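# Inside the fold
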Amino acid sequence: DPKIIQKPKYLVAVTGSEKILICEQYLGHNAMYWYRQSAKKPLEFMFSYSYQKLMDNQTASSRFQPQSSKKNHLDLQITALKPDDSATYFCASSQDRWTVSYEQYFGPGTRLTVL
Amino acid sequence: GEQVEQRPPHLSVREGDSAVITCTYTDPNSYYFFWYKQEPGASLQLLMKVFSSTEINEGQGFTVLLNKKDKRLSLNLTAAHPGDSAAYFCAPGSGGSNYKLTFGKGTLLTVTP
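Below or above, wherever it landed, is the structure these notes cover. Here the residue numbering is sequential within each chain, running from 1 through the sequence in written order. Labels are handed out in written order, letters beginning with A for the chains and numbers beginning with 1 for the ligands. Reporting in this predicted model follows two pLDDT cut-offs: at least 70 for local features of residues, and 80 or more for side-chain atom pairs to be given and counted; totals over whole chains, interfaces and linings ignore these cut-offs and use all residues. As a rule here, side-chain values cover all heavy atoms of the structure and leave hydrogens and water aside.

### A look at the interface of chain A and chain B
Between chain A and chain B, the contact holds 25 residues from the first and 22 residues from the second. When chain A packs against chain B, the two sides together hide about 2,000 Å² of surface, and 60% of this comes from carbon and sulfur. Accessible surface is computed with a 1.4 Å probe, and the buried area is the amount of it that two parts give up when combined, taken over both parts together. When the buried surface of chain A facing chain B is broken down by residue, Leu43, Tyr102 and Phe106 of chain A rank first, second and third, together holding 30% of it. Note on definitions: salt bridges are taken to be side-chain nitrogens of Lys or Arg within 4 Å of carboxyl oxygens of Asp or Glu. Counting the contacts that link chain A with chain B gives 1 salt bridge. Among the salt bridges present, the one from lysine 49 of chain B reaches glutamate 103 of chain A, with a minimum N-O distance of 3.0 Å. Any N or O atom pair separated by 3.5 Å or less is treated as a polar contact, with the protein-specific requirement of one donor-capable and one acceptor-capable atom, and with residues adjacent in sequence counted only for side-chain atom pairs. Connecting chain A to chain B are 5 residue pairs in polar contact (both at pLDDT 80 or more). Secondary structure is summarised from DSSP: a helix means a run of H or I of at least four residues, a strand means a run of E of at least two, and numbering begins at the N terminus for each. Of all the elements in the fold, those that place two or more residues in the side of chain A that touches chain B are strand 4 (31-37), strand 5 (44-50), strand 6 (53-57) and strand 9 (87-94) of chain A. Note on contacts: a residue pair is in contact if any heavy atoms of the two residues lie within 4.5 Å.

### Topic: the pairing of strand 6 (residues 56-59) of chain B
All names here are of chain B. Where strand 6 and strand 7 (residues 62-67) come together, 4 bridges link them in antiparallel fashion. Directly across from isoleucine 56, in strand 7, lies its bridge partner leucine 65. From the end of strand 6 to the start of strand 7, which pair antiparallel, there are 2 residues, and glutamine 60 there has a positive phi angle of about 55 degrees. Here, any two strands with at least 2 DSSP bridges between them count as paired.

### Quick look at the sheet that holds strand 6 of chain B
Residue and element names in this part refer to chain B. A sheet is described by the order of its strands in space; here 5 strands give the open sequence 1-3-8-7-6, paired in antiparallel fashion. Looking at strand neighbours, the two that pair on one side only are strand 1 (4-7) and strand 6, the edges of this open sheet. Strand-to-strand twist in this sheet, taken as the mean axis angle between neighbours without regard to direction, amounts to 15 degrees. Judged from the 4 bridges that link them, strand 1 and strand 3 (residues 19-25) form a sheet pairing that is antiparallel. Counterpart to arginine 7 in the pairing with strand 3 is threonine 22. In this analysis, axes come from line fits to C-alpha atoms, helices being fitted only over the stretch in contact, and the angle between any two N-to-C directions falls in the range 0 to 180 degrees.

### Considering the packing of aromatic side chains
Residues and elements named next belong to chain A. For Phe, Tyr and Trp, where Trp contributes only its six-membered ring, two rings pair if their centres lie within 6.5 Å, and the inter-plane angle classes them as stacked under 30 degrees, edge-to-face over 60, or tilted in between. The tally for this structure, following the rule as stated, stands at 12 aromatic pairs over all chains. Seen from their ring centres, tyrosine 33 and tyrosine 35 are 6.4 Å apart, and the 40 degrees between their planes marks the pair as tilted. Residues tyrosine 33 and tyrosine 35 agree in their burial class; the two are buried. Centroid distance tyrosine 35 to phenylalanine 45: 5.6 Å. Interplanar angle 75 degrees. Geometry classified as edge-to-face. With tyrosine 35 in strand 4 and phenylalanine 45 in strand 5, this residue pair connects regions lying 10 residues apart in the sequence. No difference in accessibility class separates tyrosine 35 from phenylalanine 45, as the two residues are buried. Only lysine NZ and arginine CZ atoms are considered, and such an atom sits over a ring when it is within 6 Å of the ring centre and within 35 degrees of the ring normal. Taking NZ or CZ as reference, arginine 36 lies 5.1 Å from the ring centre of phenylalanine 64, over its face. In this scheme, a residue with accessible area under 20% of its type's maximum is buried, one over 50% is exposed, and one in between is partly exposed, where area comes from a 1.4 Å probe on protein chains only.

### Details of unusual backbone geometry
A cis geometry characterises the amide bond from lysine 7 of chain A onward to proline 8 of chain A, with omega recorded as -10 degrees. Its place among the elements puts proline 8 of chain A in the loop between strand 1 (4-7) and strand 2 (10-13). If you check the backbone angles, tyrosine 51 of chain A has positive phi at about 50 degrees while not being a glycine. Position of tyrosine 51 of chain A among the secondary structure elements: in the loop between strand 5 and strand 6. A positive phi is found at lysine 71 of chain B, a non-glycine position, where the angle reads about 55 degrees. Looking at the element boundaries, lysine 71 of chain B is found in the loop between strand 7 and strand 8 (72-77).

### Concerning the pattern of salt bridges
Residues and elements named next belong to chain A. One pass over the structure, following the stated rule, counts 9 salt bridges over all chains. We note a salt bridge from glutamate 44 to arginine 36, for which the minimum N-O separation is 3.2 Å. For lysine 40, the salt bridge identified is with aspartate 84, shortest N-O distance 3.4 Å. Pair noted here: lysine 40 is in the loop between strand 4 and strand 5 and aspartate 84 is in the loop between strand 8 (75-78) and strand 9, with a separation of 44 residues, a long-range link. Here lysine 40 falls in the exposed class, since its relative accessible area comes to 72%. Taking relative accessible area as the criterion, aspartate 84 reaches 61% and is therefore assigned exposed. Overlapping salt bridges bring together Arg36, Lys41 and Glu44 as one network.

### Quick notes on the side chain of threonine 110 of chain A
Residues and elements named next belong to chain A. Here threonine 110 shows up in strand 11 (residues 110-114). Residue classification places threonine 110 among the buried residues on the basis of a relative accessible area of 0%. Leaving out residues up to four positions away in the same chain, threonine 110 has contacts with Gln6, Lys7, Pro8, Lys9, Leu11, Leu21, Ala87, Thr88 and Tyr89.

This is the structure in structure tokens:
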């Protein structure tokens, strides 16, 4: 069974619209993350959450808003979509900061295409 | 912030050959180091990890070497096979409250029969 679920797998949107990317993890982890991967840029860290609190935000634009309704959920809302937002968005999770090893496990990704 | 340089961007070897991918990093506080493998169209799979208290880690046909003095990390594959064809990413991790990973740009490894 998949331990990290991302929905949808593929998403096509028009410029200016708004979309929400869903992420749920069933690993019992307390920290969750969003990364972005596109042809133009390598894997790019976006956000990290720990116990449902924002720990780090490396996204310059406020159009990207993470939302954590439950400890094992971290959704990503993107507003006023632009073609440059086209990328694969990966959700990841790890144990909390108090463990020695905090390797991150990645979900399957959501491939977003903005027309 | 952390700067990671990974080389080479592309690497093509024949089956049975060795392959070496190298990363250099800048943050002296980097304590955990990870290598991820990404097959075409797939997600990232944790391949290897090494901590600053160890310098060598082996498994799955790979060896990871860490040189803390030079801030250099390498992934060594001793006998490549076609199933190893994928993109490989190094990711130093810093501790503290952020524990984010900064990824290198990746190396696309192609192993031909």
